[in-house]
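These are the residues of each chain, in order.
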Amino acid sequence: MILAVFYNPITAQVGDSIKFRNEQLENLKSEIVKLERELNQKTQKEKESLQALENLTRQNTLLQKILNNIAKEEINKEKQIAELEKEIAYTENKIRLLQDKYSKYIVWIYKYRGKSYLKYLLNTSSPSKILKRYRYFKSITEQNRKDLKTLRDSKNYLVKLKNKLTEEKRSLALLKADKKAEQDNLARKEVERKKLIAALRKDKKHLAEEIESKRKAEIVIKNIIARLIEEERQRRELMLKENEKMLDLSRNYNYNNMENFSLLKGKLAWPIRKGKIIRKFGENRNRKLNTVTLNYGVDILTSENADVYVVAEGVVSAIEWIPGYGSVVIVTHRDEFRTVYGHIKEIYVEEGQVISGGSAIGKVNESLEGNVLHFEIWNSRNYQNPEVWLSKK
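What counts and what doesn't
- Residues numbered from 1 in each chain as written.
- Predicted model: local features only at pLDDT ≥ 70, side-chain atom pairs only at ≥ 80, totals over all residues.
- Heavy atoms only, no water.
- Helix = DSSP H or I, 4+ residues; strand = E, 2+ residues; numbered from the N terminus.
- Buried < 20%, exposed > 50% of the residue type's maximum accessible area, 1.4 Å probe, protein only.
- Contact = heavy atoms within 4.5 Å.
- Areas by Shrake-Rupley, 256 points an atom, 1.4 Å probe, with all protein chains shown as cover.
- Phe/Tyr/Trp six-rings, centres within 6.5 Å; stacked < 30°, edge-to-face > 60°.
- Polar contact = N/O pair within 3.5 Å; in protein donor to acceptor, adjacent residues only side chain to side chain.
- pLDDT = per-residue confidence, 0-100.
- Salt bridge = Lys/Arg side-chain N within 4 Å of Asp/Glu carboxyl O.

Caption draft 1: Layout of the overall build of the protein. Along its length, the protein carries 7 helices and 13 strands. Looking at the protein as a whole, 39% of its 393 residues are labelled buried. Expressed as a percentage of contacts within the protein between residues at least 6 apart in sequence, the contacts between residues at least 24 apart total 73%. Just so you have it, the protein exposes about 23100 Å², and 53% of that area is on carbon and sulfur atoms.

Caption draft 2: Unusual backbone geometry, seen in detail. Here Asp 335, not a glycine, exhibits a phi torsion of approximately 60°, which is positive. Not every positive phi belongs to a glycine, and Glu 336 is a case in point at roughly 65°. Here Glu 336 lies in the loop between β7 (326-332) and β8 (337-345). Owing to a relative accessible area of 17%, Glu 336 belongs among the buried residues under this scheme.

Caption draft 3: Main features of the packing of aromatic side chains. Taken as a whole, this structure holds 8 aromatic pairs when the rule is applied. Relative to Trp 378, the ring of Tyr 296 has its centre 5.8 Å away and its plane inclined at 80°; by these criteria the two rings are edge-to-face. Of this pair, Tyr 296 sits in the loop between β3 (291-295) and β4 (298-301) while Trp 378 is found in strand β12 (residues 370-379), placing the two residues 82 residues apart along the sequence. With relative accessibility at 11%, the residue Tyr 296 sits in the buried group. Accessibility expressed as a relative area gives 1% for Trp 378, which makes it buried. Between the aromatic rings of Trp 378 and Tyr 383, the centroid separation amounts to 5.5 Å while the plane-to-plane angle is 70°, which identifies the pairing as edge-to-face. These aromatic residues form a ring-pair network of at least three members: Phe 281, Tyr 296, Trp 378 and Tyr 383.

Caption draft 4: Inspection of the environment of Gln 353 at higher detail. Residue position: Gln 353 is located in the loop between β8 and β9 (354-355). You can call Gln 353 partly exposed: its relative accessible area is 30%. Linking Gln 353 and Gly 314, residues 39 residues apart in sequence, is a C-alpha distance of 8.5 Å. Leaving out residues up to four positions away in the same chain, Gln 353 has contacts with Gly 314, Val 315, Val 316 and Tyr 348. A distance of 3.1 Å separates a polar atom in the side chain of Gln 353 from the backbone nitrogen of Glu 350.

Caption draft 5: Region of interest: the side chain of Asn 371. Within the secondary structure layout, Asn 371 lies in strand β12. Setting aside residues up to four positions removed in sequence, Asn 371 forms contacts with Ile 300, Leu 301, Thr 302, Ser 303, Glu 304, Asn 305, Val 364, Asn 365 and Glu 366.

Caption draft 6: Summary view of the confidence of the model for the protein. Residues with a pLDDT of 70 or more make up 81% of the protein, whose mean pLDDT is 82. Across residues 1-13 the pLDDT falls below 50, and counting only partners more than four positions away or on other chains, this stretch makes 11 contacts in the model. Residue range residues 246-250 is modelled with pLDDT below 50. Its contacts to residues more than four positions away, or to other chains, number 4 contacts.

Caption draft 7: Representation of the pattern of salt bridges. Scanning all chains against the criterion turns up 30 salt bridges. With its nearest N and O atoms 3.1 Å apart, the salt bridge here joins Arg 58 to Glu 31. Within this pair, whereas Arg 58 is found in helix α3 (residues 50-112), its partner Glu 31 is found in helix α1 (residues 9-40), the two being separated by 27 residues in sequence. Looking at Arg 58, the relative accessible area reads 16%, which means it is buried. Assessed through its relative accessible area of 29%, Glu 31 is described here as partly exposed. Notably, a salt bridge pairs Arg 201 with Glu 366, separated by 3.0 Å at the nearest N-O pair. Of the two residues, Arg 201 sits in the loop between α5 (127-200) and α6 (204-242) while Glu 366 sits in strand β11 (residues 366-367), which places them 165 residues apart along the sequence. The exposure class assigned to Arg 201 is partly exposed, which follows from its relative accessible area of 38%. A relative accessible area of 13% places Glu 366 in the buried class. Overlapping salt bridges, with partners in common, bring together Glu 74, Glu 78, Lys 176 and Lys 179 in one network.

In structure tokens:
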């Protein structure tokens, strides 16, 4: 291992990365404060509305993002601390070896310096041997001088390492405290949200409003799909133009190497382990509300906090917040197929991430209709009937 200086280009990049993450966290917290202020300004009647529920759901989504960022930073801090402890152990061992070597040199000095040294040096009639002995002693002295400098540098470096370790441990402790505070905040908000859902369910007009917001959400999803298609077209053009040399590596993926989505028709894995479809693909009539809505996908009722799984290998191409469906995750698969997952909380994945089929992407969030996952399949700009694709249960 080579002794390093703390402030190098890599350290600077890490510092920039931490600064960027801190800015992200501050932006998320600012948005939560803004939403909280908006909610507090509403009248009691307004607080018992679908808009208030959307506000709370959005706050919870942002809080979960904060917790995810903190968790990543916590892992990084723990890795840094482990590396520092490893380097400290190495440096301390190096110092012990250098000190032992220096002690032997002192013994040698005591033994051969002065008359003994001259006697040993001149105790031969051969000039060449005298010169050889002189060069030997000189090299030992020079090496010792270098070792002594290395010893001093190592001790100084060790002090810096230990100071850095103390700083990182203090930072980790603050991070854990921040995480605990945000977890408590999220738990309080979740209780508040559940109470509001229970209150809103008593009046069917709120359910009608939610269904209407889902209708509007479908238009938003359709526009997002169109945007992703255009972005993919531009990405492919850039790949051809630049021969993939100038592309960001995080976007340099090849869908042709992924599993063939079209071959999965009729045997596609379900996005949840247990559940039943409560709203089918296409036109749906609600007899209680006397309404007809168009569903671009299917709505699957499942259990509380059920995990959501991506149905096939792909790339997380969008994570969006859409009123009516909350957090929506869109995954792009081979041959312009895309799957859409709505009503998601505690999202585990990030945009640009390549994920294999069956990977968990988050949990189903609760709405007025219960724990319902909204699921869609698109091929280019054409929405598909998921029931034709999903395996029979």
